[in-house]
Amino acid sequence: MILQLLRAPIHLLALLTGAKSFADNPILGSAFLNRIGLHVWRLRAAHALARWRRARLASLLPPQQREQFDRDGFVVVRDVLPGKDFAALRSQIFRATLECREQQQGDTITRRVPLGPELRHRLPVLNELLESSAWKGLMAYVASTRSEPLYYIQAIFGGVADGPPDPQLELHSDTFHPSLKAWLFLTDVPAEGRPLSYVRGSHRLTPERIAWEKRRSIEIAAADRLSQRGSLRISPGGLSALKLPQPTLF
């Protein structure tokens, strides 16, 4: 009890940050406070700030990319590198011996190599892309900030480990506030290869989504572990109630 009282100021200040775990913060996870609108207030405030910042960054990318993101929540750029450069980059990465970190979630193993200054120097084609105004402009607009993203070389091996189904295959939002993820695919991904999926238009704060978020925040104590940690899950069958289509597979 004393420890909870000592932590109360920290939990209160977390309301103005990106803290998302309902389970770790009794204020964020309070059914009473979320019933009277705490989670929805944070949701609306975060999205309003992102819209304001994006308006100031809109000139950094072509109108068609801006329109696609505003409509769909994602931007697809095909053949982002010339064929010769792309082939050279693939060859450099696939032949390199790189130190990686490995993580297992369910039956999936993910290997990541941090893309720091030394490795970017070894991959000049990739470094030139990441430093280009076209790339930086798109990243800044989607993220609603000019802050440099963290980059990795990543390989995902699905269904190769002993364990329950990979929780990342469940449809989910990473957090309550807008965020950025970007992929430069080095290989095609078949339909059965667990491709990246995204529900078109799910980034918009529609009345249906706000009502769903509020209900989930009130009932969070009975939810699954990852939802309690702030990454809300939804089934494909639940999308129609939010007036959303089935996921787009990349």
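Residues numbered from 1 in each chain as written. Predicted model: local features only at pLDDT ≥ 70, side-chain atom pairs only at ≥ 80, totals over all residues. Heavy atoms only, no water.

Caption draft 1: Highlighting the nonpolar core. In terms of nonpolar packing, the biggest core is built from 24 residues, with L89, L115, L123, L126 and I153 touching the most fellow members. Put simply, the parts of the chain that give this core at least two residues each are α5 (83-95), α7 (124-131) and α8 (133-143). Counting residues per element, this core draws most heavily on α8, at six residues. Not counting residues within four places of it along the chain, the set of residues in contact with L115 comprises R120, L123, L126, L130, Y151, Y152 and I153. The next biggest cluster of nonpolar side chains, apart from the first, holds eleven residues, and it includes F22, I220, L232 and L242. (Core = buried A, V, L, I, M, F, W, Y, C linked by side-chain atoms within 4.5 Å. Buried < 20%, exposed > 50% of the residue type's maximum accessible area, 1.4 Å probe, protein only. Helix = DSSP H or I, 4+ residues; strand = E, 2+ residues; numbered from the N terminus. Contact = heavy atoms within 4.5 Å.)

Caption draft 2: Highlighting the packing of helix α4 (residues 63-72) against α8. Here α4 crosses α8 at 30 degrees, and the two axes come no closer than 11 Å. By the angle between their directions, the pair α4 and α8 is classed as roughly parallel. Crossing handedness for the pair α4 and α8: right-handed. Facing α4, whose interface residues are Q65, R66, F69 and D70, α8 presents L138, Y141 and V142. Of the residues that constitute the contact of α4 with α8, the class distribution is four nonpolar, one polar and two charged. (Axes fitted to C-alpha atoms, helices over the stretch in contact; angles between N-to-C directions. Parallel < 35°, antiparallel > 145°, perpendicular 65-115°, else oblique. Left-handed = near helix turned anticlockwise from the far one by under 90°. Nonpolar A, V, L, I, M, F, W, Y, C, P; charged D, E, K, R; others polar.)

Caption draft 3: Looking closely at empty space enclosed by the protein. One pass over the full model with this rule turns up two cavities of 30 Å³ or more. Volume-wise, the largest cavity comes out at about 60 Å³. Together, K20, F22, L28, N34, L38, H39, R42 and F176 line the largest cavity. Here the lining of the largest cavity gets three residues from one element, more than from any other, and that element is helix α3 (residues 38-57). A per-class count over the lining of the largest cavity returns four nonpolar, two polar and two charged. In this structure, the second largest cavity spans a volume of roughly 40 Å³. Residue lining of the second largest cavity: K20, F22, H39, S173, T175, F176, E213, G230 and L232, and that is the complete set. Its residues assigned to classes, the lining of the second largest cavity comprises three nonpolar, four polar and two charged. (1 Å grid on protein atoms, 1.4 Å probe; cavity = no way out; pocket = protein on both sides within 12 Å on 5 of 7 lines; lining within 4 Å. Points joined across faces, edges and corners; volume = space filled by probe spheres on them.)

Caption draft 4: Summary view of the layout of surface pockets. Quantified by volume, the second largest pocket comes out at close to 170 Å³. Around the second largest pocket, the lining is made up of 14 residues, and of these K136, G137, A140, R146 and E148 lie nearest the centre. Among the elements that make up the lining of the second largest pocket, the one with the highest residue count is α8 (six residues). Partitioning the lining of the second largest pocket into residue classes produces seven nonpolar, four polar and three charged.

Caption draft 5: Seen up close, the environment of R90. Its place among the elements puts R90 in helix α5. Of the residues examined, R90 reaches a relative accessible area of 28% and is grouped as partly exposed. Here the alpha-carbon distance between R90 and L126, two residues 36 residues apart in the chain, equals 10.0 Å. Setting aside residues up to four positions removed in sequence, R90 forms contacts with L186 and T187.

Caption draft 6: Up close: the pattern of salt bridges. Inspection of the entire model under this criterion finds 14 salt bridges. Among the ionic pairs, R229 bridges to D24, the shortest N-O distance being 2.8 Å. One end of the pair, R229, is in the loop between α10 (225-228) and β6 (233-234); the other, D24, is in the loop between α1 (2-13) and α2 (31-35), with 205 residues separating them in the sequence. Note that D72 and R71 form a salt bridge whose closest N and O atoms lie 3.0 Å from each other. A network of salt bridges, in which partner residues are shared, links R120, E131, K136 and E148. (Salt bridge = Lys/Arg side-chain N within 4 Å of Asp/Glu carboxyl O.)

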